[in-house]
Amino acid sequence: MIDKRLLAGAGLVGSALTALLAAVGQVDPDPQLSHVSLTVSDFAVHDRGGATDMAMVVFGLSAWCLLPVLRQAAPRILLAVFGAAMVVAALAPTDLGPLTATGYLHRYASMLAFVMLPLAAVTLRPVGRALRATAAVAGGFAVLMLASATLADRYLIGAAERYLLLSEVVLLGLLAWRGWRDCPARPARSTVSHA
């Protein structure tokens, strides 16, 4: 039988590990890179297989740890799509120049992931105030990032994405915490032998 509390705990630890790896990945692989004007994916191109790629894989796998914990179908499906999109985005790097097919795959997988996690949180019933507020913050930064990419020639896109990712890591952590809190601990096995 699956220990749902253990899986929720793994999701919580995975969220923390995602944050740590993402922070390590932001140590400039090249001093010319700007955290404000370049995306996390642009940084990852300079360090293929490094901390940023690992953070994305851990992020996706951490979400999958929560699938058996969730009872409702809608958030479970959305979280499964988020996890898959995040892993695909890690495996399909972006391009620094004109986008290739792999770059487009990375872009659309990332966009899908950014949308799916907040949707998973707000479709959970009952949805708590912290989950709703964090999902709203993530949604706001997603809109800012989209506006930067489409209307403002990528002005401050790196800053918007980093705040978006921070809010999404916190959001997954809140989902994992809720799952861990709501799953009953397994009763200890009795060691008394009966004659």
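Per-chain numbering applies: the sequence of each chain, read as written, is numbered from 1 onward. Local features in this predicted model are restricted to residues whose pLDDT is 70 or higher, and side-chain atom pairs enter the listing and the counts only when it is 80 or higher, whereas totals over whole chains, interfaces and linings include all residues. For side-chain calculations, the full set of non-hydrogen atoms in the structure is used, while hydrogens and water are omitted.

Asker: Residue-level account of the environment of Leu165, with values.
Answerer: Tracing the sequence through the fold places Leu165 in helix α7 (residues 157–182). Here the alpha-carbon distance between Leu165 and Ala19, two residues 146 residues apart in the chain, equals 9.1 Å. In what follows, residue pairs with any heavy atoms lying within 4.5 Å of each other are defined as contacts. Excluding residues that lie within four positions of it along the chain, Leu165 makes contacts with Val40 and Phe114. Think of it this way: any DSSP run of H or I at least four residues long counts as a helix, any run of E at least two long counts as a strand, and we number them from the N terminus.

Asker: Could you give an account of the packing of helix α3 (residues 51–65) against α7, naming the residues involved and the relevant values?
Answerer: The axes are straight lines fitted to the C-alpha atoms, using for helices just the contacting stretch, and the angles between their N-to-C directions are given from 0 to 180°. Between α3 and α7, whose axes approach to 10 Å, the crossing angle comes to 25°. In terms of orientation, α3 and α7 fall into the roughly parallel class. Seen along the crossing, α3 lies across α7 with a hand that is left-handed. Contacts between α3 and α7 involve Phe59, Ser62 and Ala63 from the former and Glu168, Val169 and Leu172 from the latter. Considered class by class, the residues forming the contact of α3 with α7 number four nonpolar, one polar and one charged. Each angle is binned into one of four classes, with values under 35 degrees roughly parallel, values over 145 roughly antiparallel, values of 65 to 115 roughly perpendicular, and all other values oblique. Two helices crossing with the near one rotated counterclockwise from the far one by less than a right angle form a left-handed crossing, whereas a clockwise rotation gives a right-handed crossing. Note on residue classes: Ala, Val, Leu, Ile, Met, Phe, Trp, Tyr, Cys and Pro are nonpolar, Asp, Glu, Lys and Arg are charged, and everything else, Gly too, is polar.

Asker: Please provide a residue-by-residue account of the nonpolar core, values included.
Answerer: Counting residues in hydrophobic clusters, the biggest one holds 31 residues, and the most contacted among them are Leu79, Phe82, Leu117, Leu172 and Leu175. When contributions to this core are tallied by element, the ones reaching two or more residues are α3, α4 (73–91), α5 (101–123), α6 (129–151) and α7. Per element, the largest residue contribution to this core is seven residues, and it comes from α4. Counting residues in hydrophobic clusters, the runner-up holds eight residues, among them Ala138, Ile157, Leu164 and Leu165. Throughout this description, the term nonpolar core refers to a set of buried Ala, Val, Leu, Ile, Met, Phe, Trp, Tyr and Cys residues connected via side-chain atoms within 4.5 Å. Type-normalised accessible area, obtained with a 1.4 Å probe on protein chains alone, sets the label of each residue: buried when under 20%, exposed when over 50%, and partly exposed for intermediate values.

Asker: Residue-level account of the side chain of Glu161, with values.
Answerer: Within the secondary structure layout, Glu161 lies in helix α7. Buried charge Glu161 goes without a salt bridge, the closest partner of opposite sign being Arg162 at 4.7 Å. When near neighbours in sequence (up to four residues on either side) are disregarded, Glu161 contacts Thr39, Val40, Ser41, Phe114 and Met145. Counted as positive: Lys and Arg. Counted as negative: Asp and Glu, with His and the chain ends omitted from the count. In the sections that follow, a salt bridge refers to a side-chain nitrogen of Lys or Arg positioned within 4 Å of a carboxyl oxygen of Asp or Glu.

Asker: Please give an account of helix α1 (residues 4–25) that cites residues and values.
Answerer: For α1, with 22 residues, the first-to-last C-alpha span of 31 Å sits near the 32 Å given by 1.5 Å per residue. The inward-facing, buried residues of α1 abut α2 (40–45), α3 and α7. Any pair of nitrogen or oxygen atoms within 3.5 Å is treated as a polar contact; in protein, a donor-acceptor pairing is required on top of that, and neighbouring residues in sequence qualify only through side-chain atoms on both sides. Of the residues that open α1, the one with a side-chain oxygen 3.2 Å from the backbone nitrogen of Arg5 is Asp3. Take the residue count of a helix, subtract one, and multiply by 1.5 Å to get its expected span.

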